[in-house]
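Residue strings, one per chain:
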Amino acid sequence: METHSFAMTFDFPAFLVLASVVTGGIWLLDALLFAPRRRSKAAASMQPDGTYSAYKEPVLVEYARSFFPVIFAVLILRSFIVEPFRIPSNSMMPTLLTGDFILVNKFSYGLRLPVLNAKVVDIGEPQRGDVVVFKFPLDPKTDYIKRVIGLPGDEVSYRNKTVSVNGESMPQLPIGDYTGVGSGQEMTGARQALESLDGVKHVMLTRPAAPDFPFGCRVLAGGPVTVPNGHYFVMGDNRDNSNDSRCWGFVPEENLVGKAFAIWMHWDGRRDGLPIAWSRLGDGIE
């Protein structure tokens, strides 16, 4: 069973904020205090022939002025527009494969301040069937990716590989066995089915012999659960190889990072031949 979807050991957003503050602060301080003095000294050194001594900009200021626009642009892009992630596990197969590099829309569910994670603009809310990235409730330093199954107020149950929401079973259309490649070879032979979540259709994988609630996952084992206000119930598309809401409960709204929308690269060292799957580049995520 997969243990996580993304591992985050380095706080990159905090680094970007700090780097922006330091480089921008150095540039601003120099522009307000020291640059005028250098210009005044240069003007005072003017010779009768109209030439004057040049006062070179300090190296530290030169680097700060050069790097600040780039760092700040990356901070804005990554915090408010789009953020890249890499898929390291099979929990979302066959929608996402190990080695997929994906793009996540950061403003789908509102704009949040980096590091503080406080929402400043409320734009939208997750819909059933969305593939979302979120901070793992039991370890917020780790990012997970799953599919939204239950919205606030929904009653969710899971029996015999079938999801039910508010007493209605989500339709499934069997489409044959799955053949995996590379890191996904372990899922060869799993059953594929086209599931519809309020009209959002996607392919899911199951193994009929596997229990519905493996490895101590007991959130749903006692019967239907009601999703609390401000929370979401999520599951992986690889239903019998996913550590999700069946095991640890609900995702708070404030843990949402964004909506996954595209694959921009696939690199899997376990694939035969070239590790790049060219056919996946540019694929949308449904």
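Let us look at the structure shown here. (Residues numbered from 1 in each chain as written. Predicted model: local features only at pLDDT ≥ 70, side-chain atom pairs only at ≥ 80, totals over all residues. Heavy atoms only, no water.)

## Observations concerning a nonpolar patch on the surface
A contiguous nonpolar patch, built from Phe-72, Ile-76, Leu-77, Ile-81, Phe-107, Leu-113, Val-115, Leu-116, Val-120, Val-121 and Ile-123 and spanning about 920 Å² of accessible area, is present on the exposed surface. Looking at the nonpolar patch, the element that brings in the most residues is helix α2 (residues 59-81), giving 4 residues. Given the relative accessible area of 32%, Leu-113 is considered partly exposed. (Patch = residues over 30% accessible without salt bridge, like charges linked within 9 Å, V, L, I, M, F, W, Y side chains within 5 Å. Areas by Shrake-Rupley, 256 points an atom, 1.4 Å probe, with all protein chains shown as cover. Salt bridge = Lys/Arg side-chain N within 4 Å of Asp/Glu carboxyl O. Helix = DSSP H or I, 4+ residues; strand = E, 2+ residues; numbered from the N terminus. Buried < 20%, exposed > 50% of the residue type's maximum accessible area, 1.4 Å probe, protein only.)

## Some details on the nonpolar core
One finds Ile-149, Tyr-158, Val-163, Leu-220, Phe-233 and Met-235 to be the most contacted residues of the largest nonpolar core, which totals 15 residues. The set of elements that each furnish at least two residues to this core consists of β7 (155-159), β8 (162-165) and β14 (231-235). Look past the residues within four positions of Ile-149 in its chain and what remains in contact with it is Arg-128, Asp-154, Val-156, Val-163, Val-165, Leu-197, Phe-233, Val-234, Met-235 and Arg-239. (Core = buried A, V, L, I, M, F, W, Y, C linked by side-chain atoms within 4.5 Å. Contact = heavy atoms within 4.5 Å.)

## Let's talk about the environment of Val-120
Tracing the backbone shows Val-120 in strand β4 (residues 119-121). On a C-alpha basis, the gap between Val-120 and Gly-110 in space is 7.4 Å, while along the polypeptide they are 10 residues apart. Filtering out sequence-adjacent residues up to four positions away, Val-120 remains in contact with Leu-111, Arg-112 and Leu-113.

## Some points on the packing of aromatic side chains
This model, assessed by the stated rule, comprises 12 aromatic pairs. On the numbers, 6.3 Å between centres and 80 degrees between planes, the contact of Tyr-158 with Phe-213 is edge-to-face. With a gap of 55 residues between them, Tyr-158 in strand β7 and Phe-213 in the loop between β12 (200-206) and β13 (225-226) connect regions that are remote in the sequence. Across the pair, exposure class does not vary: Tyr-158 and Phe-213 are buried alike. Among the aromatic side chains, those forming a connected cluster through ring pairs are Phe-134, Phe-136, Tyr-144 and Trp-248. Directly above the ring of Tyr-158 sits Arg-246, whose terminal nitrogen or CZ lies 5.1 Å from the centroid. (Phe/Tyr/Trp six-rings, centres within 6.5 Å; stacked < 30°, edge-to-face > 60°. Lys NZ or Arg CZ within 6 Å of the ring centre and 35° of its normal.)

## A few points about unusual backbone geometry
Residue Pro-94 follows Met-93 across a cis peptide bond; omega there is 0 degrees. Mapping Pro-94 onto the fold places it in the loop between β1 (82-86) and β2 (100-105). Positioned with a positive phi, Asn-166 is a non-glycine residue whose angle comes to about 55 degrees. Within the secondary structure layout, Asn-166 lies in the loop between β8 and β9 (168-169). Relative accessible area serves as the criterion here: at 46%, Asn-166 is assigned to the partly exposed category. The phi dihedral of Asp-198 is positive, around 50 degrees, even though this residue is not glycine. Position of Asp-198 among the secondary structure elements: in the loop between β11 (191-197) and β12. The exposed category is assigned to Asp-198, whose relative accessible area is 54%.

## Examining the pattern of salt bridges
As enumerated under the stated definition, the model contains 18 salt bridges in all. The shortest N-O distance in the salt bridge between Glu-83 and Arg-78 comes to 2.6 Å. Between Lys-161 and Asp-212 there is a salt bridge, with the nearest N and O atoms lying 3.6 Å from each other. Of this pair, Lys-161 sits in the loop between β7 and β8 while Asp-212 sits in the loop between β12 and β13; the two residues are 51 residues apart in sequence, bridging distant segments of the chain. As far as burial versus exposure is concerned, Lys-161 and Asp-212 are alike and both buried. When salt bridges with common partners are traced through the structure, they connect Arg-112, Lys-119, Asp-122 and Glu-253 into a single cluster.

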